[in-house]
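What the coordinates show
Each chain, written out:
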Amino acid sequence: NQAAPWEARDMAKLDDWIKRLRKVCKQRGAMSRVARTLKVSRQAVAQWLLDDPEVRTWPSGELVLPLIEWVQTEEAKQKRSEGGGTPTEQATRLR
């Protein structure tokens, strides 16, 4: 018995990343940026973001790691722009 490429627990983890991607993509231009970064169409990204599991498609296995890295980077950017930032960035803004 060969394991299926995507087991249920893997799909649940991927679904969590898609939820995070959905949140990041609320920012203007984010869908275009992720599409450019991953070299896929905006339509492909839009399909990943659909709520309906009957019509949603999933990123290919080779895109999952770059997608996760992109989401993490964008979340960090958003966090910094919300006033977090590093101590150096905070000190620079105070000057």
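Above: the structure in question.
Anyway, here's the lowdown on the structure attached to this text. Since the model is a prediction, treat every value here as computed from it, not as a measurement.

1. Overview of the overall build of the chain
Scanning the chain from terminus to terminus reveals five helices and zero strands. Listing the helices and strands of the chain from first to last along the sequence gives α-α-α-α-α. Buried positions account for 26% of the 95 residues belonging to the chain. The contacts of the chain with a sequence gap of at least 6 include a subset with a gap of at least 24, amounting to 55%. Here the chain has roughly 6,900 Å² of accessible surface; of this, 52% comes from carbon and sulfur atoms.

2. Comments concerning the packing of helix H2 (residues 30–38) against helix H4 (residues 61–81)
Packing of H2 against H4 leaves a shortest axis separation of 10 Å and a crossing angle of 140°. In terms of their interaxial angle, H2 and H4 are classed as oblique. Handedness of the crossing formed by H2 with H4: right-handed. Contacts between H2 and H4 involve Ala 30, Arg 33, Val 34, Thr 37 and Leu 38 from the former and Leu 63, Pro 66, Leu 67, Trp 70 and Glu 74 from the latter. In the contact of H2 with H4, the residues fall into seven nonpolar, one polar and two charged.

3. A word on helix H1 (residues 8–24)
Its 17 residues give H1 an end-to-end C-alpha distance of 24 Å, which sits within 8% of 24 Å, the value for a rise of 1.5 Å per residue. In this structure, the buried residues of H1 make contact with H2, helix H3 (42–48) and H4.

4. As for the nonpolar core
Counting residues in hydrophobic clusters, the biggest one holds 20 residues, and the most contacted among them are Leu 21, Val 34, Trp 48 and Leu 67. If you tally residues by element for this core, the top one is H4, at six residues.

5. A look at unusual backbone geometry
A negative phi angle is the norm for most residues apart from glycine, just as the trans form is the norm for most peptide bonds. We note that Lys 39 has phi near 60°; this positive angle belongs to a residue other than glycine. As for its placement among the helices and strands, Lys 39 is situated in the loop between H2 and H3. Among the residues examined, Lys 39 registers a relative accessible area of 76% and is labelled exposed.

6. Brief notes about the side chain of Arg 56
The topology assignment puts Arg 56 in the loop between H3 and H4. Taking relative accessible area as the criterion, Arg 56 reaches 13% and is therefore assigned buried. Only 3.5 Å separates the side chain of Arg 56 from the backbone oxygen of Asp 51, close enough to count as a polar contact. Arg 56 has contacts with Asp 15, Arg 22, Gln 47, Trp 48, Leu 50 and Asp 51, leaving out every residue within four places of it along the chain.

How each quantity is defined
- Residues numbered from 1 in each chain as written.
- Predicted model: local features only at pLDDT ≥ 70, side-chain atom pairs only at ≥ 80, totals over all residues.
- Heavy atoms only, no water.
- Helix = DSSP H or I, 4+ residues; strand = E, 2+ residues; numbered from the N terminus.
- Buried < 20%, exposed > 50% of the residue type's maximum accessible area, 1.4 Å probe, protein only.
- Contact = heavy atoms within 4.5 Å.
- Areas by Shrake-Rupley, 256 points an atom, 1.4 Å probe, with all protein chains shown as cover.
- Axes fitted to C-alpha atoms, helices over the stretch in contact; angles between N-to-C directions.
- Parallel < 35°, antiparallel > 145°, perpendicular 65-115°, else oblique.
- Left-handed = near helix turned anticlockwise from the far one by under 90°.
- Nonpolar A, V, L, I, M, F, W, Y, C, P; charged D, E, K, R; others polar.
- Expected span 1.5 Å × (residues − 1).
- Core = buried A, V, L, I, M, F, W, Y, C linked by side-chain atoms within 4.5 Å.
- Polar contact = N/O pair within 3.5 Å; in protein donor to acceptor, adjacent residues only side chain to side chain.

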